Amino acid sequence: MTGVQTCALPILENINSGTLSSFSSWGPTPDLRIKPEITAPGGSIYSTTEDQKYKNMSGTSMASPQVAGAAAIVKQYIKQNNIATNDAYGSSEFVKLLLMNTAVPLKEYDLVDDVPYFVRQQGSGVLNIENALKTKVVVRVRGTNDDNADGKLELREIHSKQFSARLTLENFGDAAKTYTISSEALYEPVEDGYRTQTSALIKSKQSQVRKKITVDAHSTLDRKSTRLNSSHVKLSR
């Protein structure tokens, strides 16, 4: 029997953890669709490389395997629990829906507010496989300029003073669930004629609205909401 020498690798804290990598690409697409759709760790990842070695690397090649692995786990979870997906494309779309619904929005910390990064930077947020395997409710949305009921609403170009969104919540669990619906609006400050590439909160009366809803077990619930276009929101300080 051949002996294998092992050694303990030191645990080093990543000083950039919890922030978006500066090299990470931004959306939207040229036709104003939301990309990226989800975020995963991909900066300064200590991973395997050729010749049975390890190396510190960054990029999509580090983040994509984490999303792919999570998708495989969620697909297995759906199959083992006989969850009806109710999707035209089968479980693949339901896997994506679960991952996007349960992602955690990443916030840019400062001295005043903890402000989320733009959707066009992080999509639905940071992948959270634990949340995806625990939730019993999914939500699909469709509305102005977007008839595709999935985990995101793509408004594209809006020419009116308001837009609408219809949320459909599906509870595939055995118990009723209650949620509070709220919203946050962001804008990009301009300084000396230049975009700052940082997000800031639009503070308005509309953003302070909170609504509670309850979805009964093994049922669906529709809720329609009409919101003002951010360019027509009256701001408050």
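Predicted model only: the values in this text are computed from it and were never measured.

Draft legend 1. Representation of the packing of aromatic side chains in the model. By the definition in use, this model includes three aromatic pairs. Measuring from ring centre to ring centre gives 6.1 Å for W26 and F118, while their planes differ by 50°; the resulting arrangement is tilted. Of this pair, W26 sits in the segment before β1 (45-49) while F118 sits in the loop between β4 (114-116) and α3 (119-122), and the two are 92 residues apart along the sequence. Using a relative accessible area of 6% as the deciding quantity, one classes F118 as buried.

Draft legend 2. Region of the structure containing the pattern of salt bridges. This model, assessed by the stated rule, comprises nine salt bridges. Here E130 and K134 are joined by a salt bridge, their closest N and O atoms 2.8 Å apart. With E130 and K134 both in helix α4 (residues 129-134), this residue pair falls four residues apart, about one helical turn. The class of K134 is exposed, set by a relative accessible area of 57%.

Draft legend 3. Geometry of helix α2 (residues 91-102). For α2, spanning twelve residues, the distance from its first C-alpha to its last is 16 Å, which sits close to the expected 16 Å at 1.5 Å a residue. Every buried residue belonging to α2 is among F94, V95, L97, L98, L99, M100 and T102, and all of these are buried. Those residues of α2 that are buried are in contact with α1 (60-80), α4, β5 (137-143) and β6 (146-150).

Draft legend 4. Examining the environment of S182 more closely. The residue S182 is located in the loop between β8 (177-181) and β9 (185-187) in this model. Other than its neighbours up to four places away in sequence, S182 contacts V209 and R210.

Draft legend 5. Molecular detail of the confidence of the model for the chain. Within the chain, residue pLDDT values average 84, and 84% of them lie at 70 or more. Confidence, read as mean pLDDT per element, is least for strand β3 (residues 107-109) in the chain (80) and greatest for α4 (96). Ignoring residues within four places in sequence, the model shows residues 1-6, a span with pLDDT below 50, making zero contacts including any to other chains. Contacts for the low-pLDDT stretch residues 231-237, under 50 throughout, to residues beyond four places or in other chains number eleven contacts.

Draft legend 6. Quick peek at the pairing of β1. Looking at chain direction, β1 and strand β2 (residues 53-57) are connected through five bridges and run antiparallel. What sits directly across from T49, in β2, is K53. Between the antiparallel neighbours β1 and β2 lie three residues, among them D51 with a positive phi of about 60°.

Draft legend 7. Structural detail: the side chain of E188. Along the polypeptide, E188 turns up in the loop between β9 and β10 (190-191). When its relative accessible area of 17% is taken as the criterion, E188 is described as buried. Within polar-contact distance, the side chain of E188 engages the side chain of R195 at 3.3 Å. There is a polar contact of 2.8 Å between the side chain of E188 and the backbone nitrogen of Q197. Those residues within four positions of E188 in sequence are excluded, and the remaining contacts are F118, R120, R195, T196, Q197 and T198.

Draft legend 8. Just α1, in detail. When the terminal C-alpha atoms of α1 are compared, their 30 Å separation across 21 residues agrees well with the 30 Å that a helix rising 1.5 Å per residue should span. Looking one or two places after α1, you find N82, whose phi comes out positive at around 50°.

Draft legend 9. Spotlight on the layout of surface pockets. In this structure, the second largest pocket encloses a volume near 780 Å³. Residue lining of the second largest pocket: 29 residues in total, with T39, A40, P41, G42 and A63 positioned closest to the centre. In terms of residue count, α1 provides more of the lining of the second largest pocket than any other element does, four residues in total. Taken together, the residues that form the lining of the second largest pocket break down as eleven nonpolar, 18 polar and no charged.

Quick notes on the rules
- Residues numbered from 1 in each chain as written.
- Predicted model: local features only at pLDDT ≥ 70, side-chain atom pairs only at ≥ 80, totals over all residues.
- Heavy atoms only, no water.
- Phe/Tyr/Trp six-rings, centres within 6.5 Å; stacked < 30°, edge-to-face > 60°.
- Helix = DSSP H or I, 4+ residues; strand = E, 2+ residues; numbered from the N terminus.
- Buried < 20%, exposed > 50% of the residue type's maximum accessible area, 1.4 Å probe, protein only.
- Salt bridge = Lys/Arg side-chain N within 4 Å of Asp/Glu carboxyl O.
- Expected span 1.5 Å × (residues − 1).
- Contact = heavy atoms within 4.5 Å.
- pLDDT = per-residue confidence, 0-100.
- Pairing = 2+ DSSP bridges.
- Polar contact = N/O pair within 3.5 Å; in protein donor to acceptor, adjacent residues only side chain to side chain.
- 1 Å grid on protein atoms, 1.4 Å probe; cavity = no way out; pocket = protein on both sides within 12 Å on 5 of 7 lines; lining within 4 Å.
- Points joined across faces, edges and corners; volume = space filled by probe spheres on them.
- Nonpolar A, V, L, I, M, F, W, Y, C, P; charged D, E, K, R; others polar.

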